[in-house]
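If you want the building blocks of each chain, they are given just below.
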Amino acid sequence: MKNFLFLLILSIQLFALPRFAAENGTSCNLCHVNPTGSGLRNDYGISLFSMEELPMEKGMDLTNDDYTGMILEYLRFGADLRFQVLSHTDNQDESRTAYFPMQGDLYGNLSVSKGVEVYVKQDLLRQQPEFWTTLPLLPNEGYLRIGRFIPTYGLRLDDHTAFTRGGNLRISHGLQKEGMPFSPYIETPGIIEAGMYVSDVFVTLSTANKYVMGSERGYGFSESLEDKNITLRGEYAGNIGSATVLFGGSFMKEGDFQLKGLFGGTSFLGLTWIGEVDIAENWVGDNTSLASFSELSYPVKQGLHFVARYDLFDEDIKIKNNAISRLTVGTDIFPLSFFEIKLQGRFTSLSGDGEKPEPEYIIQFHTWF
């Protein structure tokens, strides 16, 4: 089977909540050290967002106002830890419950000088490290990033079961291919990325070796220049009237494989929508696969958010009755600073005359610092 680096765009690591970027009409780097978002939080993400904007008001009284995440003058340390409980009914009408860790990431960031950062992430669950350095060598607040990390593509959702991140399609629904076209279950090779602002649009362009699975894994010496991975992404975030907006597009090419997509979000009167649609061409053979999601959220009050999302995956859009869709409804609760509880019900449907999967119910606990 042909293997593609695009499988790694949506790593098993969980990222961030892009709906908060849409709510504020800004990029995800408002809260994160990473210039493209996700992972370790910066001063704003720690002191303002995590301590004051997210938690319930009563929970704020238990916050240590002196915490900054800095352990030395120029060294910041942090983590993301998630644990999940999933319950569903199997084909024999027996109730099944699973308990498992979802995320165990440790972060460190050293500010060497203005604009020069050295970043390290260690995934405790899968032993897949990430490390890079940024250099302020480009105009318009631009940078050059070199190291091992996930190419910047689409919206970086916090939920790796979303179909635009590979989902749990093969595990839950019996799809037999070795890798899904949006699968997160792989490692990342070396990469170089350039990022800068063109007017009000934040643009990133990266190149990397092709991903090779199993015993054939190497360092890219066996592939031609045309087979290298190229990933391009552009994003605008701002305001249109009284509404905040976020929209953009992504493109990835590796050999004859192409992945392209659009994403966006807007917030008005407290109601926030974000969405993404991606199309993968020549994943295996000449098939064309599609994955999408659309999410609505509303803050019932500070620290309590209602969330509803619709996901769709079509393994080959040329074949009828080949799609999987899923409706997810629930709440995100932030009772304390640096602590989140997700309560969700997920209802999956298969097109055609296939058997309808039973609903899944999820409790997820997330803490970070």
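Given the structure is predicted, the values throughout are model-derived calculations rather than measurements.

Criteria and cut-off values
Residues numbered from 1 in each chain as written. Predicted model: local features only at pLDDT ≥ 70, side-chain atom pairs only at ≥ 80, totals over all residues. Heavy atoms only, no water. Buried < 20%, exposed > 50% of the residue type's maximum accessible area, 1.4 Å probe, protein only. Helix = DSSP H or I, 4+ residues; strand = E, 2+ residues; numbered from the N terminus. Pairing = 2+ DSSP bridges. Phe/Tyr/Trp six-rings, centres within 6.5 Å; stacked < 30°, edge-to-face > 60°. Lys NZ or Arg CZ within 6 Å of the ring centre and 35° of its normal.

Asks: Now, about the pairing of strand 17 (residues 360–368): what can you tell me, with residues and values included?
Replies: Only one face of strand 17 is covered, namely the face carrying E360, I362, Q364, H366 and W368; the face carrying Y361, I363, F365 and T367 is uncovered. Pairing of strand 2 (residues 75–89) with strand 17 involves nine bridges; the strand directions are antiparallel. Each bridged residue has a counterpart across the sheet, and for L86 the counterpart in strand 17 is I362. Two elements, strand 16 (residues 339–350) and strand 17, share eight bridges in a ladder whose sense is antiparallel. Bridge pairing in strand 17 places F339 opposite T367.

Asks: Can you explain the packing of aromatic side chains? Please cite residues and give values.
Replies: Remark: the centre distance and the inter-plane angle together describe each pair of aromatic rings, the angle taken between the planes. Tallied over the entire structure, the rule returns twelve aromatic pairs. Note on Y197 and F202: the rings are 5.1 Å apart at their centroids and 35° apart in plane angle, and the pair reads as tilted. Looking at Y197, the relative accessible area reads 25%, which means it is partly exposed. Classification of F202 by relative accessible area gives buried; the value is 4%. An aromatic cluster of three or more residues is present, and its members are F20, F49 and F334. Here the basic side chain of R145 rests over the ring of W132, its NZ or CZ set 4.8 Å away from the ring centre.

Asks: Can you lay out the environment of F257 for me, pointing to particular residues and giving the numbers?
Replies: With respect to the element layout, F257 can be found in strand 11 (residues 257–268). The class of F257 is buried, set by a relative accessible area of 0%.

These results come straight from atomic positions and should not be treated as a statement about function.
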